Structure formats: C-alpha cells, structure tokens
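Spelled out, the chains give:
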Amino acid sequence: KALQTLRTAWNLAAMGGNAPPDAVSKELVHALNSKLCAPEGESTAGDWYEDLHHLWASQLSDQEESGQPKWYSKALAYWDNEENCPPTIDGVLGGFGHVSGVDLVASRQFLSQLRLQNPQLGSQKAVECGAGIGRVVKGLLLEHFEHVELVEPSPRLLKAAEAYVAPFTQRCSFTCMGMQEYSPPERSLDLVWVQWAIGHLTDADFFSFLRRCERALRPGGVVCLKENCSASGHLVDSEDSSITRTKDYFQRVFELANMELVLEMEQEHFPDDLYPVFMFAIRPKAAIESDSRQEPVEAKEGTTGA
C-alpha cells in the first residue's frame, strides 16, 4: 500500500496533478525508514540522526530566500570553486587521481559483463550525469556508444569537459544542469551512467530521477551507478552536501522506484582508506519480468576481460 501511494504521488506530481511537491519526499522517507535495517546516520559536522526523517528535516531546513533548500546550491558552490576542485583528473577525484586508471579498467569490465547479461543493450546514446570534466566519457563511454551527453551543473567544469573530450566533441552534447532537474526525452537513452554523484541527490530526488530514467530508457536500456557504500549507517558530508549510503539503502531505493538489479560488481584494487565502491546496473522491473533468459548476477572485478 505504501509503495502504491508513493508511486501515485510521484505520477500526480509529474503530471502536474494535485499531489503537493513534498508528497513524494514524505512517502519515500516513510517507506525507507520502515525497510532499512539501520536508518540512523551521522554527518561530518558531528551531528547524529536517529532516522531519515530526522536527517532530511535537518538538512533541508536551511533555505534560500526563494524557499528552496540550500542543499543543492551548497554542493554547486563547492564543486564550482576551483580551489576545491581544479579542472583536472586529480581535482575531480578529490586528490585520488592515481586511481583513475584502475577505476576505468573495472568499469570497462563491468560494461563487458553487462552486455553479456543484457544483450539487448543498445549502443546509440548514453548520458553521464555529474560528468565533471568528462573523465569517464572519454575513458569509457565513447568506446561503447555513438553519442554521449554530458550533464554537469558546474559551468566551469563543463567548459573544461569540452576541451578534455576533444577531438570527440562532435559525438558529444553538453548540458549544464543538475540531476535533480534533468528530464531526458522518452525512449531516448540506452544507458545512464552516474559515478560518485548520486549522493548529491536527496532521497526524493534520487527516486524521481530513477523514475524519469525509466521513461527515458530504450528497450534493453539500463541505469548504471558507481558509488561509495558505507558499511553501516549513512554519512552526510556537510561541506559538499552529499550522502554516502549503504548497499541496503541503495537497494531499497531501487525497489521503491520499480527498478531491479541486473548486475552488481565491487571495485577492487583501490586504497584501503577509501570506502568500498560498488557498481550497480538496474532497469525497470517490467523489463526484468518480461525477460526470462537470466537472473541478475553478482560479479567481481577480473571475472571478465576488459
């Protein structure tokens, strides 16, 4: 019943109906709280949250004059500041530029395994949301897709991306926008890639983003997330407005958004002091249910060729 209420609220909001904008948020937080094994969390500022109601009430209470929460404007201010993020690989990876190579190798293995698991995946168009300077686009996605759209809220980083992906700019398009606003045309995408960026979305906007992606995917299309996962509880970064979720947290959002896991892989060969990183490929449940060929699988890095 809660799941149906949540989806109904989202559908009404999406169609301009009578559901208030916060209906999705309230229903989603309620549903997540009831499903998560450990709904508590903390922030880098030392705050403790007993559950998700407490967390989001705290984080979204600080608002702009327009009434919009400062959650997104704080994140944009952080990443658009060159002192925090120089337009280089080391800059966009927070000083861990040395992991870029092994990261791309694992992502390449993941896509190779994904095509075996999901052979209907097309190769016409992909989008990376939170694309930064285009590191993943140039190092991975342009190898697999004819056209790639880069969606990035920082004008400074997006400008740097145009130079970084050269001479492939004719195969790219550049959209200066946050994921919370991005709404691609229906049946326009084969793959949506988000890496180290989904944590900047609130739970409600994460859910809504996946619902919009569901409508935008072509037959066989998937959403791929590559993200840090905390071992227990969730952690809010008070400086850049982001949240590190647990695997359970991700899986519950997928379920509520009517998405199901196709493939999961853990990144290996990263420094021990970094969070565990997981890659998830998900697609609408209706597509899973109509495809009886294979069950979702879990893979480890190195199980397939690059």
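These numbers come from a predicted model, not from an experiment.

Quick notes on the rules
Residues numbered from 1 in each chain as written. Predicted model: local features only at pLDDT ≥ 70, side-chain atom pairs only at ≥ 80, totals over all residues. Heavy atoms only, no water. Helix = DSSP H or I, 4+ residues; strand = E, 2+ residues; numbered from the N terminus. Buried < 20%, exposed > 50% of the residue type's maximum accessible area, 1.4 Å probe, protein only. Areas by Shrake-Rupley, 256 points an atom, 1.4 Å probe, with all protein chains shown as cover. Core = buried A, V, L, I, M, F, W, Y, C linked by side-chain atoms within 4.5 Å. Contact = heavy atoms within 4.5 Å. Salt bridge = Lys/Arg side-chain N within 4 Å of Asp/Glu carboxyl O. Pairing = 2+ DSSP bridges. Axes fitted to C-alpha atoms, helices over the stretch in contact; angles between N-to-C directions. Parallel < 35°, antiparallel > 145°, perpendicular 65-115°, else oblique. Left-handed = near helix turned anticlockwise from the far one by under 90°. Phe/Tyr/Trp six-rings, centres within 6.5 Å; stacked < 30°, edge-to-face > 60°. Lys NZ or Arg CZ within 6 Å of the ring centre and 35° of its normal. Right-handed = clockwise from strand over helix to strand, strands pointing away. pLDDT = per-residue confidence, 0-100.

Student: Which parts of the structure should I look at to understand the overall build of the chain?
Tutor: What the chain contains, in helices and strands, is 11 helices and 12 strands. A buried classification covers 51% of the 306 residues belonging to the chain. As presented, the chain carries roughly 13500 Å² of accessible surface, and 50% of it is formed by carbon and sulfur atoms.

Student: I keep staring at the nonpolar core and nothing clicks. Help me out?
Tutor: It is characteristic of soluble globular proteins that their nonpolar side chains tend to be buried jointly. Counting 44 residues, the largest nonpolar core has Val192, Phe209 and Leu210 as the members making the most contacts within it. Here the element with the most residues in this core is helix α9 (residues 203-216); it accounts for 6 residues. Setting aside its immediate chain neighbours within four residues, Val192 contacts Val127, Cys129, Phe209, Cys213, Leu217, Val222, Val223 and Cys224. Residues Ala126, Val148, Leu158 and Trp193 belong to the second largest nonpolar core, which totals 29 residues.

Student: Would you mind going over the pattern of salt bridges with me for this structure?
Tutor: It is possible for side chains bearing opposite charge to pair when their charged atoms get close. Taken as a whole and assessed by the stated rule, the structure comprises 13 salt bridges. Here Glu149 and Lys125 are joined by a salt bridge, their closest N and O atoms 3.6 Å apart. Taken together, the residues Glu149 in strand β4 (residues 147-151) and Lys125 in strand β3 (residues 125-129) connect sequence positions 24 residues apart. A relative accessible area of 8% places Glu149 in the buried class. The closest approach of N and O atoms between Arg245 and Asp203, which form a salt bridge, is 2.9 Å. On the criterion of sequence distance, the pair formed by Arg245 in the loop between β9 (242-244) and α10 (247-256) and Asp203 in helix α9 is long-range, its members being 42 residues apart. Look at Asp203 and you get buried, because its relative accessible area is 1%. Overlapping salt bridges, with partners in common, bring together Lys35, Asp248, Arg252 and Glu255 in one network.

Student: Can you help me understand the sheet that holds β9 in this one?
Tutor: Pairing between sheet strands relies on hydrogen bonds along the backbone, with the strands arranged either parallel or antiparallel. Spatially, 4 strands are ordered β2-β1-β8-β9 in an open sheet, and the strand pairing comes out mixed. Strands with a single pairing partner mark the edges of an open sheet, and in this sheet they are β2 (48-49) and β9. In the sheet, strand β1 (residues 41-43) pairs with strand β8 (residues 234-237) via 3 bridges, with the strands oriented parallel. By the bridge assignment for β8, Ser43 is matched with Val236.

Student: Mind showing me how you'd approach the packing of helix α6 (residues 100-117) against helix α7 (residues 135-144) here?
Tutor: In helix packing, the relevant descriptors are the interaxial angle and the interaxial distance, both defined with respect to the helix axes. Across the interface, α6 lies against α7 with an axial gap of 10 Å and an inter-helix angle of 25 degrees. The angle between the axes of α6 and α7 places the two elements in the roughly parallel class. Two packed elements cross with a definite hand, and for α6 against α7 that hand is right-handed. Together, Ser100, Asp103, Leu104, Ser107, Arg108, Leu111 and Arg115 of α6 and Arg135, Val136, Gly139, Leu140, Leu141, Glu143 and His144 of α7 make up the contact between the two elements.

Student: How should I be thinking about the packing of aromatic side chains in this particular structure?
Tutor: Aromatic rings considered in pairs are described by the distance between their centres and by the relative angle of their planes. Evaluation of the coordinates by the stated rule reveals 9 aromatic pairs. Here Tyr78 and Trp79 contribute two aromatic rings whose centre-to-centre distance is 5.1 Å and whose plane-to-plane angle is 80 degrees, an arrangement assigned as edge-to-face. Owing to a relative accessible area of 22%, Trp79 belongs among the partly exposed residues under this scheme. Taken together, the ring pairs connect Phe206, Phe250, Phe254, Phe278 and Phe280 into an aromatic cluster. Geometry around Tyr164 places Lys138 over its ring, the cationic atom sitting 4.8 Å from the centre. Stacked on the ring of Tyr249, the Lys or Arg Arg245 has its end atom at 5.2 Å from the ring centre.

Student: Where do I start with the pairing of strand β6 (residues 189-195) in this structure?
Tutor: For a regular strand, side-chain orientation follows a simple rule: the groups alternate between the two sheet faces. Taking burial as the measure, the 7 residues of β6 include 7 buried ones, the bulk of the element. Bridge count between β3 and β6: 4 bridges; the pairing is parallel. Looking at the pairing, Ala126 lines up with Leu191 of β6.

Student: Would you mind showing me how to read the pairing of β4 here?
Tutor: The buried fraction of β4 amounts to 4 of the 5 residues, a majority that puts the element mostly inside the structure. Regarding the hand of the β-α-β motif, the stretch spanning β3, α7 and β4 is right-handed. With respect to chirality, the unit in which β4 leads through helix α8 (residues 155-164) into the neighbouring parallel strand β5 (residues 172-175) is right-handed.

Student: What's the story with the confidence of the model for the chain in this structure? I'm lost.
Tutor: Mean pLDDT for the chain: 89, with 86% of residues reaching 70 or above. Counting contacts from residues 16-20, a segment whose pLDDT is below 50, to residues more than four positions away or on other chains yields 4 contacts. Here residues 301-306 scores under 50 on pLDDT; set against residues more than four positions off or in separate chains, the count is 16 contacts.

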